[in-house]
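# Structural characterization, general
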Amino acid sequence: MEDFIKLTEAANIKKDIPDFSIGDTVDVQLKIVEEGKARIQTFEGIVIARRGSGLRETFTVRKISYGEGVERIFPLHSPSIDKIEVVKKGDVKRAKLYYLKRKVGKETKVDEKVTLSEGGHETAEGAHGAGGETPPPREKA
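Not measured: the values here are computed from a predicted model.

Helix and strand counts for the protein stand at one helix and seven strands. Tracing the protein from N to C terminus, the helices and strands come up as α-β-β-β-β-β-β-β. A buried classification covers 28% of the 141 residues belonging to the protein. About 10400 Å² of surface is accessible on the protein, with carbon and sulfur atoms providing 51% of the total.

This is the structure:
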């Protein structure tokens with residue numbers, strides 16, 4: 001019985017999921033079917049939680065829409081999710097960002113993760129990775 005469950009889960013697990021973690025800003029593109037027509041709807045926000053494993057893994061995304069905080073829990077391997085794009089990599093020190101619910105305005109911002117590229121230049125890691133073209137740093141006077 002346990003082998004049957006593992007085989008069923010393995011058949012439904014998505015392979016094209018990007019590597020994202022807590023604090024990242026993601027753009028989740030959902031397939032919405034209304035009256036026989038399918039369309040894509042986006043939900044962009046900060047990942048505040050991830051839980052579960054395997055086929056049952058979920059992640060929670062929070063955004064501010066017209067001054068109201070909106071949270072949505074997505075099953076990671078759901079067939080209704082068309083694509084997940086990482087817009088910005090966040091630099092956080094917590095596994096769950098529930099404290100963002102109490103913050104207002106600019107306090108809800110998450111620092112962007114900064115990495116050093118091969119030439120020693122600082123780059124902000126985002127949708128295009130850490131290898132983006134950046135101007136050389138300014139000379140200090």
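Moving on from the coordinates now.
Turning to the side chain of Thr-108, a few remarks are in order. Within the fold, Thr-108 resides in the loop between strand E5 (81-88) and strand E6 (114-116). In this structure Thr-108 comes out as buried when scored by relative accessible area, which is 16%. At 2.8 Å, the side chain of Thr-108 and the backbone oxygen of Gly-105 are in polar contact. Setting aside residues up to four positions removed in sequence, Thr-108 forms contacts with Ile-46, Leu-100 and Lys-103.

Judged by side-chain polarity, Met-1, Phe-4 and Ile-5 come together as a nonpolar surface patch covering roughly 390 Å² of accessible area. Here Phe-4 shows up in helix H1 (residues 2-12). Given a relative accessible area of 57%, Phe-4 falls into the exposed group.

The next point concerns the pattern of salt bridges. Oppositely charged side chains can form a pair if their charged atoms are brought close together. If you walk through the whole model with that rule in mind, you get eight salt bridges. A salt bridge links Lys-83 to Glu-85; its shortest N-O distance comes to 3.2 Å. Residue Lys-83 is classed as partly exposed on the basis of its relative accessible area, which comes to 39%. Among the ionic contacts, a cluster of salt bridges with common partners joins Arg-62, Glu-71 and Lys-101.

Okay, the environment of Gly-54 next. By the element assignment, Gly-54 lies in the loop between strand E2 (37-51) and strand E3 (58-65). Classification of Gly-54 as partly exposed rests on a relative accessible area of 29%. Remark: the alpha-carbon pair of Gly-54 and Lys-6, spanning 48 residues in sequence, is separated by 9.4 Å. Gly-54 has contacts with Ile-13 and His-77, leaving out every residue within four places of it along the chain.

A separate point is the confidence of the model for the protein. Averaged over all residues, the pLDDT of the protein equals 85, while 85% of them reach at least 70. The element-level mean pLDDT for the protein is lowest in strand E7 (residues 122-124), coming to 68, with E2 highest at 95.

Once that is clear, we can look at the sheet that holds E3. The sheet built from five strands is open, its strands ordered E4-E3-E2-E1-E5 with antiparallel pairing. The open sheet has two edge strands, strand E4 (68-75) and E5, and neither has a second partner. Adjacent strand axes in the sheet meet at a mean angle of 40 degrees when their direction is disregarded. Summarising the sheet, E3 and E4 pair through eight bridges and their orientation is antiparallel. Across the sheet, Thr-58 pairs through a bridge with Pro-75, a residue of E4.

Reading the values: the criteria
- Residues numbered from 1 in each chain as written.
- Predicted model: local features only at pLDDT ≥ 70, side-chain atom pairs only at ≥ 80, totals over all residues.
- Heavy atoms only, no water.
- Helix = DSSP H or I, 4+ residues; strand = E, 2+ residues; numbered from the N terminus.
- Buried < 20%, exposed > 50% of the residue type's maximum accessible area, 1.4 Å probe, protein only.
- Areas by Shrake-Rupley, 256 points an atom, 1.4 Å probe, with all protein chains shown as cover.
- Polar contact = N/O pair within 3.5 Å; in protein donor to acceptor, adjacent residues only side chain to side chain.
- Contact = heavy atoms within 4.5 Å.
- Patch = residues over 30% accessible without salt bridge, like charges linked within 9 Å, V, L, I, M, F, W, Y side chains within 5 Å.
- Salt bridge = Lys/Arg side-chain N within 4 Å of Asp/Glu carboxyl O.
- pLDDT = per-residue confidence, 0-100.
- Pairing = 2+ DSSP bridges.
- Axes fitted to C-alpha atoms, helices over the stretch in contact; angles between N-to-C directions.

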